[in-house]
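One letter stands for each residue in the lines below.
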Amino acid sequence: MSKRVFVTGIGIISGIGKNVEETLQSLIEGKSGVEEIKYLRTNHKGTIPVSEVKFSEEELIEMAGVPAGEPYTRSTLIGMIAAAEAVKNAHIFDIKDKRTGLISGTTVGGMDKSEHYYHDLLNTNNHIKYIETHDCGDSTERIADYIGVKDFVSTTSTACSSAANSMILGSRMIKNGMLDRVIAGGIESLTRYHMNGFNTLMILDREPCKPFDENRKGLNLGEGAAFVVLESEESVKESGKKVLAELTGYGNSCEAFHQTASTPEGKGAYAAMKEALERSGLKPEQIDYINAHGTGTENNDISEGRAIETLFGTNPPKISSTKSYTGHTTSAAGGVEAVISVLAIQHNMIFPNLNFKQQMKELSFKPVTELLRDVKVDHVLSNSFGFGGNNSALIFSRY
Amino acid sequence: MEVYIQGIGNISPQNTSDNSTFLNEPLNHEAGYLLCVEPNYKDYINPIQLRRMSKLIKMGITASKMCLQEAGIENPGAIITGTGLGLVGDTEKFLNQVLDYNEEFLTPTAFIQSTHNTISGQVAIALQCYNYNNTYSHRGFSFESALLDGMLLIHNKDAENVLVGGFDEITPEHYSIVKKTRWVKKENINSLELLNHKTQGSIVGEGVAFFSLAGERNDKTYARIKNIKTIYKPQSNEEVAEKIDLFLKENGLSKEDIDLVVLGLNGNTETDHYYNYLSDNYFNTNYAYFKHLSGDFHTAGTFGLWFAAMAVKHQMVPQIARYRKENFIEKPIRNVLVYNHFRNVDHSIFLLTQ
């Protein structure tokens, strides 16, 4: 297997912008999307901050240009917007001219509608069109139909590493000559279901999250959708199109420790990062920037930080968690952070870890706290770790 | 891409947990939905852990252990699962708490267990398996994606052997909801008479099955999976037949080489035409069907694959599963094609050889 896989397009919508351009602007300006809840119908409004996509469903329907009244969930709408941007960004004019797949990651699927209409679905015949939008596959198929993908569709569901695993499968299918290009990433809208779930685990910060800070109190949830277009070497050569980055490595490892917690020494995180490095053929010192999973929970940041120290030593590459901007977009996080990693390479920038004040006493390093411009960013490691011990890591490289 | 099936653990609405027998005592289900025949979990899970687990987790861990025991594998090179709806019981439990208690006084257990990757994670914990681990949730491509992923891992030598599974459960609450769609029959029927009910919709089932796959044949081998294919939203019966024709050619076979076609017929008069077109106009061979035994669900393909592997291993097609019986001819079962679709949208083909 000598084939290379390139990123030729990116698309994103999250709490910090409705497209790539706005996202980059917010990252440069240090503008976080974490605010008081506005759109999610929940009793936690005013107490738990989140990073919402700053549009109502009516506005999203208009932005996507789809008919109102159709059963589109919020996840599907933001997914369509981000996937369409990625396709356009990759200058794909006829999606059927090459064998193209869509692999999207989601965990709560259409839960935003299910939880809203659940009693109706159980007890009445009202809103029953939302019965079939509940499952994870619904959003992927609607996004595929929206952008015209027919050759392959699938959905990963490994909680917060879903989008990273979508990109891993996409890359492997291209390398094996099964597809010429894959639109891969993830989507997740906020729901009362998972917000309350995370709340029962007591890992939601009541203030803007502080990843890698000694006094961190937990994560902020976010919502978003982000996709990359992965293309084979042949496909890129044929079209002569611009390559944004190369997906040079990936790793997937299960920690097999606990359904929701990581080992203190970060065994699974270490294994995933190490595999990604080995596959890329890069040495640890060649990594310029780590876009960390960095949720801001007590457990994650120790575990991930120690795994980074084990792999990179006490003088690791520059590190930041951009979840301080976007919140933790769960299944979309791997996609959101892949797009941010590609932006870092494209613009020679490293985006800061917002809200950081005090170094963790357990760790030898601090994250980047100011925007770095004109720095060498040739290789970026992006981490995504999920419930179930599902740890994945990706490496994006300059081409 | 070919892999060999070395072990199977199948928990279904039939007595399928002992692979030395092959549907010799078929069970009829009279309810609107078919529940699994649950095995004795205590043979596989210690009692303390058992108490904390919901039904689907118990079935998942048990099926994975049955499978690995049969294959003689302690620690697989990867664990990959597929599920259409995930842990429905746990999801309902937490969702009802959120709604009934107005987002207050909640406990995390049901939430923690409700993510779709719970089973792949729990199986990994039970085996202390740190290798590649993934879960797919895409309707009729959930298990098929997991299988494809596992076959790729073996093909690319990323793993010597993989544990691939599919799982879905039906609960009374969820049944009461899906019964409102056009995919579920309104009338209660005897499941074994499924195809006599020429009405809209099908019957709902559930099941958990794990397969141990490896790149090399050994004395435990059931069958070889030569290749698989998914077809998303085909436009016509002819398109499906054309794609199957091409798929067979790509795998060095023609339709005349297929000794048995296992069809996903589910008694839905609106969508069974895909199957009947193939048996009327394309193939001329022996046929079997299985959804009167398993019910229909997102990962029913697991039952189809189990059935095909068992037919090759036992060299027989149980009477209860024969379709177009009058034309059935006894012959060796070397090449088997499984064709199944989920709600007319997600169509899949498995090609097995002896």
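Residues numbered from 1 in each chain as written. Chains lettered and ligands numbered in written order. Predicted model: local features only at pLDDT ≥ 70, side-chain atom pairs only at ≥ 80, totals over all residues.

**Q** Lay out the overall build of chain B in plain terms, naming residues and giving numbers.
**A** Helix and strand counts for chain B stand at 11 helices and 11 strands. Over its C-alpha atoms chain B spans a radius of gyration of 19 Å, differing by no more than 12% from the 20 Å that the globule rule assigns to 354 residues. Each principal axis of the C-alpha distribution contributes one length, and for chain B these read about 60 × 45 × 35 Å. Relative to its 354 residues, chain B shows a buried fraction of 56%. For chain B, restricting intrachain contacts to residue pairs at least 6 apart in sequence, the fraction spanning at least 24 positions comes to 80%. (Helix = DSSP H or I, 4+ residues; strand = E, 2+ residues; numbered from the N terminus. Rg over C-alpha atoms; globule rule 2.2 N^0.38 Å. Buried ≥ 20, exposed ≤ 12 C-beta atoms within 10 Å, placed from the backbone. Contact = placed C-beta atoms within 7 Å.)

**Q** With reference to specific residues and values, describe the domain arrangement of chain A.
**A** By a widespread convention, an interface's size corresponds to the accessible area lost as its parts come together. All names here are of chain A. Here chain A is described as being made up of domain 1 (5-239) and domain 2 (253-397). The distance between the C-alpha centroids of domain 1 and domain 2 comes to 21 Å. Each side of the interface is counted separately: domain 1 has 58 residues, and domain 2 has 52 residues. For the side of domain 1 that touches domain 2, the secondary structure elements donating two or more residues are strand S1 (5-14), helix H1 (20-29), strand S3 (50-51), helix H6 (162-175), strand S6 (181-188) and strand S7 (224-232). Per-element tally for the side of domain 1 that touches domain 2: the top contributor is H6, with 6 residues. (Domains from an automatic or database assignment.)

**Q** Please provide a residue-by-residue account of helix H10 (residues 298-312) of chain A, values included.
**A** Residue and element names in this part refer to chain A. Here H10 is 15 residues long and its end C-alpha atoms lie 21 Å apart, about the 21 Å a rise of 1.5 Å per residue gives. Residues of H10 that are buried include every one of Asn300, Asp301, Ile302, Ser303, Glu304, Gly305, Arg306, Ala307 and Ile308, and no others. In this structure, the buried side of H10 is in contact with helix H9 (267-280), strand S9 (289-291), strand S10 (318-320) and strand S11 (379-386). Following H10 by one or two positions, Gly313 adopts a phi angle in the positive range, close to 80°. (Expected span 1.5 Å × (residues − 1).)

**Q** Hey, could you go over the nonpolar core for me, with residue numbers and the actual values?
**A** The biggest cluster of nonpolar side chains holds 214 residues, and the ones touching the most others in it are Val7, Val228, Val339 and Val342 of chain A together with Ala308 and Ala309 of chain B. Setting aside residues up to four positions removed in sequence, Val342 of chain A forms contacts with Val7, Ile10, Val228, Leu244, Ala245 and Phe396 of chain A. Counting residues in each nonpolar core, the second largest holds 11 residues, with Val34, Ile48, Ile203 and Leu219 of chain A among its members. (Core = buried A, V, L, I, M, F, W, Y, C linked by C-beta atoms within 7 Å.)

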